[in-house]
There are 2 protein chains.
Amino acid sequence: MKIGYLGPKNSFTFQAANKLFEENKLVPFASIPLTIEQLENKFIDFAVVPIENSLEGSVRATIDYLFEQSGVTVKEEIILPIQQQLIGINSIKQPQKILSHPQALAQTKQYLKTYYPEVPLEAVNSTTFAAQYIAEHPEENLLAIASEKAAEEYNLNIIASNIQDNATNQTRFWVLSLDKSSQITMNLQEKKISLFVTLPANVPGALHQVLSAFAWRKIDLSKIESRPLKTNLGEYVFYY
Amino acid sequence: MKIGYLGPKNSFTFQAANKLFEENKLVPFASIPLTIEQLENKFIDFAVVPIENSLEGSVRATIDYLFEQSGVTVKEEIILPIQQQLIGINSIKQPQKILSHPQALAQTKQYLKTYYPEVPLEAVNSTTFAAQYIAEHPEENLLAIASEKAAEEYNLNIIASNIQDNATNQTRFWVLSLDKSSQITMNLQEKKISLFVTLPANVPGALHQVLSAFAWRKIDLSKIESRPLKTNLGEYVFYY
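All figures in this text were calculated on a predicted structure; none of them were measured in a lab.

1. A short note on the overall build of chain A
- Each helix and strand in chain A was counted, giving eight helices and 14 strands.
- Along the longest, intermediate and shortest principal axes, the C-alpha atoms of chain A span 60 × 40 × 35 Å.
- Counting all 240 residues of chain A, 49% fall into the buried class.
- If you sum the accessible surface of chain A, you get close to 12300 Å²; carbon and sulfur atoms cover 49% of it.
- One finds the centroid of the 21 positive side-chain charges in chain A at a distance of 6 Å from the centroid of its 25 negative side-chain charges.

Here you go:
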């Protein structure tokens, strides 16, 4: 059995996938569409991709790609706390630069402003890459923001831990499969379903009528989103 | 009078702002939050920022920042067709690289795949920067994807015009102001309003009840979106 995930190794998606599957079955891919494509090509049995972050909202690459597919089902949901660590070879008071992925830099903005107001920040492709780069360039006097896993992998020290500005920073991941009957060990706490709805005409009250079907049955709607149909401005598919 | 916009000069936001305001009144800023901040500090009289693209959907930086502000009002809406041009010093059959902003590269994916399948693509900070860079480095054999305006500014030739994959690629921009009474010359075709709604409790049917108020009055709802409240996963503000 092979499980594809949004890489690189030790990414947060890797950590989510590793909660359900053994490490030796995990195969990294460079992007969300690529990961799901490999599932459709039956090169992998499951695909693990992020679907929502508590600060950033829905992961559009995942939603938009799934809207165009018909055969893929969501098997499980994994919720992972996202904890960012300031890491380095040694604790440096005045690093030349601090490297990380743009999202990790955004999630630790307050911390960096307070403790490293003068230090330039450099955006790189992944937090794992940031950790690897500073480990391989000890002469450059750099720090990185990355996960504990990445610090371990490259033998780096954690200089300050859990520096994300919001203590409840979490990401939801989906485990996708083509096989509707296959079972995974974990159970969802609550039964959930995700729907894409397109309306025949853009008339006042049309969305209200759709929501009536849920309200009458006291079905809780956790979120709703208009995603562009990619035709004209103002034409949407509704994603619940 | 000063009008701030999401720069740099000749960006698509510049072109939108230039439809309403003279060029010598326009002041570029490096990010959406910075542009709106300057309005709040009364350094500028109007701020022009993107709010939605027909392919990508809402511009989250704009929505999330405005949710946290109370004094800013939307004065006007500008819709601009987004047309991407392949530009260079000369027409090169086998360029070393093609440079552009990631969104412009995404919007011309099919074209690039068909005509330049082997050429590496490089993401840079803005389409304007891409144009400037290739103009200043004639020895490097590069092409860029940018607007017609950017080609003019740096005396570059248009090698292929309107290469975006979707003919109806459009972006909506908002003109923001602190002054509720000030008038601008353009008129909206239709009266529109944008609302942020938070619900007292997450109970089944709560959103349906809110939408009833609009449906009963036959008020057309153009879009709806859940944006995270940045507290916990599953807690949202609804943006209409």
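Now, onward.
2. Focus on the domain arrangement of chain A
All names here are of chain A.
- As assigned here, chain A comprises domain 1 (1–82 + 170–177), domain 2 (85–160) and domain 3 (194–240).
- Taking the mean C-alpha position of each, domain 1 and domain 2 sit 25 Å from one another.
- Across the boundary between the two partners, domain 1 contributes 12 residues, which contact eight residues of domain 2.
- Broken down residue by residue, the surface that domain 1 buries against domain 2 is led by Pro8, Asn10 and Glu56, which jointly contribute 47%.
- The interface formed by domain 1 and domain 2 holds one salt bridge in total.
- A salt bridge links Lys9 to Glu153, with the nearest nitrogen and oxygen atoms 3.6 Å apart.
- On the surface where domain 1 and domain 2 come into contact, there are three residue pairs in polar contact (both at pLDDT 80 or more).
- Element by element, the count of residues in the side of domain 1 that touches domain 2 is highest for helix 1 (residues 12–20), at four residues.
- Among the residues forming the side of domain 1 that touches domain 2, the class breakdown is five nonpolar, five polar and two charged.

3. Comments concerning the sheet that holds strand 8 (residues 121–123) of chain B
Residues and elements named next belong to chain B.
- Strand order in the open sheet formed by five strands is 8-7-9-6-10, with mixed pairing between adjacent strands. The strands lining the two open edges of the sheet, one partner per strand, are strand 8 and strand 10 (157–160). Strand-to-strand twist of the sheet, defined as the mean angle between neighbouring strand axes without regard to direction, takes the value 35°.
- Relative to strand 9 (residues 142–146), strand 7 (residues 97–100) is paired through three bridges, and the arrangement is parallel. Within strand 9, the position partnered with Leu99 by the bridge is Ala144.

4. A closer look at helix 3 (residues 60–67) of chain A
- The buried fraction of helix 3 of chain A is high, at six of eight residues.
- Taken as a whole, helix 3 of chain A has its buried residues at Arg60, Thr62, Ile63, Asp64, Tyr65 and Leu66 of chain A.

5. Here's the deal with the UniProt feature "domain: ACT" (unreviewed entry) in chain A
- Residues annotated by UniProt as "domain: ACT" (unreviewed entry) correspond here to residues 195–240 of chain A.
- Each end of residues 195–240 of chain A is marked by a C-alpha atom, and these two atoms are 5 Å apart; helix forms 24% of the span and strand 22%.

6. Looking at the interface of chain B and chain A
- If you look at the interface, chain B gives 39 residues, while chain A gives 39 residues.
- Roughly 3300 Å² of surface becomes buried between chain B and chain A when both sides are summed, with 53% attributable to carbon and sulfur atoms.
- Looking at the side of chain B facing chain A, the largest losses of area belong to Arg60, His208 and Leu233 of chain B, adding up to 21% of the total buried there.
- The tally of links between chain B and chain A comes to one salt bridge.
- Residue Arg60 of chain A pairs with Glu225 of chain B through a salt bridge whose shortest N-O separation is 4.0 Å.
- Run the count over chain B and chain A and you get 11 residue pairs in polar contact (both at pLDDT 80 or more).

7. Structural notes on the pairing of strand 1 (residues 3–6) of chain A
Residues and elements named next belong to chain A.
- Of the two faces of strand 1, the one carrying Ile3 and Tyr5 and the one carrying Gly4 and Leu6 are both buried.
- Across three bridges, strand 1 lies against strand 3 (residues 46–53) in parallel orientation. Within the sheet, the bridge partner assigned to Gly4 lies in strand 3 and is Ala47.
- Inspection of the sheet shows strand 1 paired to strand 2 (residues 26–29) by four bridges, in the parallel sense. Along strand 2, the bridge assignment pairs Ile3 with Leu26.

8. Section: the pattern of salt bridges
- Applying the stated criterion across every chain yields a total of 21 salt bridges over all chains.
- A salt bridge links Lys192 of chain A to Glu77 of chain A, with the shortest nitrogen-to-oxygen separation between them at 3.0 Å. Of this pair, Lys192 of chain A sits in the loop between strand 11 (170–177) and strand 12 (196–197) while Glu77 of chain A is found in strand 5 (residues 73–81), placing the two residues 115 residues apart along the sequence.
- In this structure Lys192 of chain A comes out as partly exposed when scored by relative accessible area, which is 45%.
- A salt bridge links Lys223 of chain B to Glu52 of chain B; its shortest N-O distance comes to 3.5 Å. On the criterion of sequence distance, the pair formed by Lys223 of chain B in the loop between helix 8 (206–216) and strand 13 (225–228) and Glu52 of chain B in strand 3 (residues 46–53) is long-range, its members being 171 residues apart. With respect to burial, Lys223 of chain B and Glu52 of chain B carry one shared label: buried.
- The network of salt bridges with common partners includes Arg60 of chain A together with Glu52, Glu77, Arg172, Lys192, Lys223 and Glu225 of chain B.

9. Observations concerning the environment of Ala206 of chain A
All names here are of chain A.
- Within the secondary structure layout, Ala206 lies in helix 8 (residues 206–216).
- A C-alpha to C-alpha distance of 17 Å links Ala206 and Pro228, two positions 22 residues apart in sequence.
- With sequence-adjacent residues up to four places away left out, Ala206 is seen in contact with Leu199 and Ala201.

10. A few points about the relation of the copies chain B and chain A
- With an RMSD of 0.0 Å, the operation that places chain B on chain A is a rotation of 180° combined with a shift of 0.0 Å along the axis. Look at the turn and shift together and you get a two-fold axis relating the two. Rotation axis and chain B: the residue whose C-alpha lies nearest the axis is Glu225 of chain B, separated from it by 2.1 Å.
- Counting the interface residues of chain B, we find that 100% of their copies in chain A are interface residues as well, pointing to one common contact surface.

11. Thoughts on the packing of aromatic side chains
All names here are of chain A.
- Scanning all chains against the criterion turns up 14 aromatic pairs over all chains.
- Considering the side-chain rings of Tyr111 and Tyr116, the 6.5 Å spacing of their centres and the 45° angle between planes classify their relative orientation as tilted.
- The aromatic ring of Phe43 is capped on one face by Lys2, whose charged end is 4.1 Å from the ring centroid.

Reading the values: rules and limits
Starting from 1, residues in each chain are numbered consecutively following that chain's sequence as written. For naming, the first written chain is A and the first written ligand is 1, with later ones following in the order written. Where totals are concerned, whole chains, interfaces and linings use all residues; where local detail is concerned, this predicted model gives features only for residues with pLDDT of at least 70, and gives and counts side-chain atom pairs only at 80 or more. The side-chain figures draw on all heavy atoms in the structure; neither hydrogens nor water molecules are used. Secondary structure elements are defined from DSSP: runs of H or I of at least 4 residues count as helices, runs of E of at least 2 residues count as strands, and each element is numbered from the N terminus. Type-normalised accessible area, obtained with a 1.4 Å probe on protein chains alone, sets the label of each residue: buried when under 20%, exposed when over 50%, and partly exposed for intermediate values. Here the accessible surface of atoms and residues is derived via Shrake-Rupley with a 1.4 Å probe, and residues count as covered only by protein chains that are part of the display. In this count, Lys and Arg are taken as positive residues and Asp and Glu as negative ones, while His and the chain termini are left out. In this description, the location of a charge corresponds to atom NZ of lysine, CZ of arginine, CG of aspartate or CD of glutamate. Segment limits for the domains were obtained from an automatic or database-derived domain assignment. Two residues form a contact once any of their heavy atoms are found within 4.5 Å. The term buried area denotes the loss of accessible surface (1.4 Å probe radius) that occurs when two parts are joined, taken as the sum for both partners. Definition used for salt bridges: Asp or Glu carboxyl oxygen within 4 Å of a side-chain nitrogen of Lys or Arg. Two N or O atoms form a polar contact when they lie within 3.5 Å of each other; inside protein one atom must be a possible hydrogen donor and the other a possible acceptor, and for residues adjacent in sequence the pair counts only when both atoms belong to side chains. Gly counts as polar in this scheme, as do all residues outside two lists: the nonpolar Ala, Val, Leu, Ile, Met, Phe, Trp, Tyr, Cys and Pro, and the charged Asp, Glu, Lys and Arg. Paired strands are those between which DSSP finds at least two bridges. Throughout, an axis means a line fitted to C-alpha atoms (over the contacting stretch in the case of helices), and angles, computed between N-to-C directions, take values from 0 to 180 degrees. UniProt positions are given in the numbering used here, feature names are shortened, and annotations may be inferred rather than shown by experiment. The copies were overlaid by least squares, fitting only the C-alpha atoms of residues that reach a pLDDT of 70 or more in each copy. Only Phe, Tyr and Trp rings are paired, with Trp represented by its six-membered ring, and only when their centres lie within 6.5 Å; those with planes under 30 degrees apart are stacked, over 60 edge-to-face, the remainder tilted. Whether a charge sits over a ring comes down to the Lys NZ or Arg CZ being within 6 Å of the ring centre and within 35 degrees of the ring normal.

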